[in-house]
Structure formats: structure tokens, C-alpha cells
Amino acid sequence: PKSGSSEKGVLLEKVYGLPEESVRKIWVRRLFAGEIAALPTTVRSPEAAIAAVRQSVSAIAVVPAHAVLPGVRVLAVDGLRPGESGYGLATGSPP
């Protein structure tokens, strides 16, 4: 997700637990260590993220649940899906 977006905030706070600059350094370190082929791509919108995921079998993206289109799988977190009570990546603010 792009910097400053609510999606990026959820990713940084609830997945990484780190500030954006620290996450960027981790990815750069992994790139130079040969652990990954490229840095993660950042796109401008949830629609662009979904389009990128649809084009790659190994892609993953963080987007608002309401933006997910048919044909895109949604990952469960701790066995819960978006909209279910206790879902770990919920922002608490509806679309």
C-alpha cells in the first residue's frame, strides 16, 4: 500500500509492528542478501493492488475488504475472515 494510506497503517502496526523506515530497511537488507528477487511493489490504489495480485500467483496485497473482487482469495487471520468479530486486520472504520 502507498505511504499514508489506512492499508499501510494496518500493515505497519498489526503485521510488522514497526515504523515504515524500519520495514523498508528489512526489505533492502533481504534484497542485498539475495533472499528476495525484488523489493515489494507499492501501488497507488486498492484497485491497482488487486490487478497486480490477479496477474501473479505468488502476489499478496493489503486492501480494504470492500474492494476485493470475485476471483481474488482473501486470507483468514487466526481462522477469521474480514467482517468476523476479532478479525486481526480490521481498522475499526467501515468503508
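In this numbering scheme, every chain counts its residues from 1 along its sequence in written order. The model is predicted, so local features are restricted to residues of pLDDT at least 70 and side-chain atom pairs to those at 80 or more, both for listing and for counting; the totals for chains, interfaces and linings are taken over all residues. To get the side-chain values, all heavy atoms of the structure are used, and hydrogens and water are removed first.

## A word on the confidence of the model for the protein chain
Regions with low pLDDT should not have their predicted coordinates read in detail. The pLDDT value expresses, per residue, how confident the predictor is, ranging between 0 and 100. Predicted confidence across the protein chain gives a mean pLDDT of 86, with 96% of residues reaching 70 or more. Every helix listed is a DSSP run of H or I at least four residues long, and every strand listed is a run of E at least two residues long, numbered separately from the N terminus. For the protein chain, helix α1 (residues 6–16) is the element with the lowest average pLDDT, namely 87, and helix α2 (residues 20–32) is the one with the highest, namely 96.

## Quick look at a nonpolar patch on the surface
Taken together, the side chains of Val15, Tyr16 and Leu18 present a nonpolar region at the surface, about 230 Å² in accessible area. Checked against the element boundaries, Val15 lands in helix α1. What makes Val15 partly exposed here is its relative accessible area of 48%. Like charges are joined within 9 Å and nonpolar side chains (Val, Leu, Ile, Met, Phe, Trp, Tyr) within 5 Å, but only among residues with over 30% relative accessible area and no salt bridge; these make up the patches. Accessible surface area values rest on a Shrake-Rupley calculation with a 1.4 Å probe, where residue burial reflects the displayed protein chains alone. What makes a salt bridge here is a side-chain nitrogen of Lys or Arg within 4 Å of a carboxyl oxygen of Asp or Glu, nothing more. Three exposure classes are used, based on accessible area relative to the maximum for each residue type with a 1.4 Å probe and protein chains only: buried under 20%, partly exposed in between, and exposed over 50%.

## Some points on the pattern of salt bridges
Two side chains bearing opposite charge may form a pair once their charged atoms approach each other closely. Tallying each qualifying case throughout the model produces three salt bridges. With its nearest N and O atoms 2.7 Å apart, the salt bridge here joins Glu21 to Arg24. Taken as a pair, Glu21 and Arg24 lie in helix α2 at a separation of three residues, close to a single helical turn. The partly exposed category is assigned to Glu21, whose relative accessible area is 40%. Linking Glu35 and Arg30 is a salt bridge whose minimum nitrogen-to-oxygen distance equals 3.0 Å.

## Details of α1
Given 3.6 residues to a turn, an α-helix orients residues that are three or four positions apart in the same direction. Every buried residue belonging to α1 is among Glu7, Lys8, Val10, Leu11 and Leu12, and all of these are buried. We call two residues contacting when some pair of their heavy atoms lies within 4.5 Å. Tucked into the core, α1 has its buried residues touching α2 and α3 (46–55).

## A closer look at the side chain of Glu7
In this structure, Glu7 sits in helix α1. Excluding residues within four positions of it along the chain, Glu7 makes contact with Pro1, Pro46, Val62, Val63 and Pro64.

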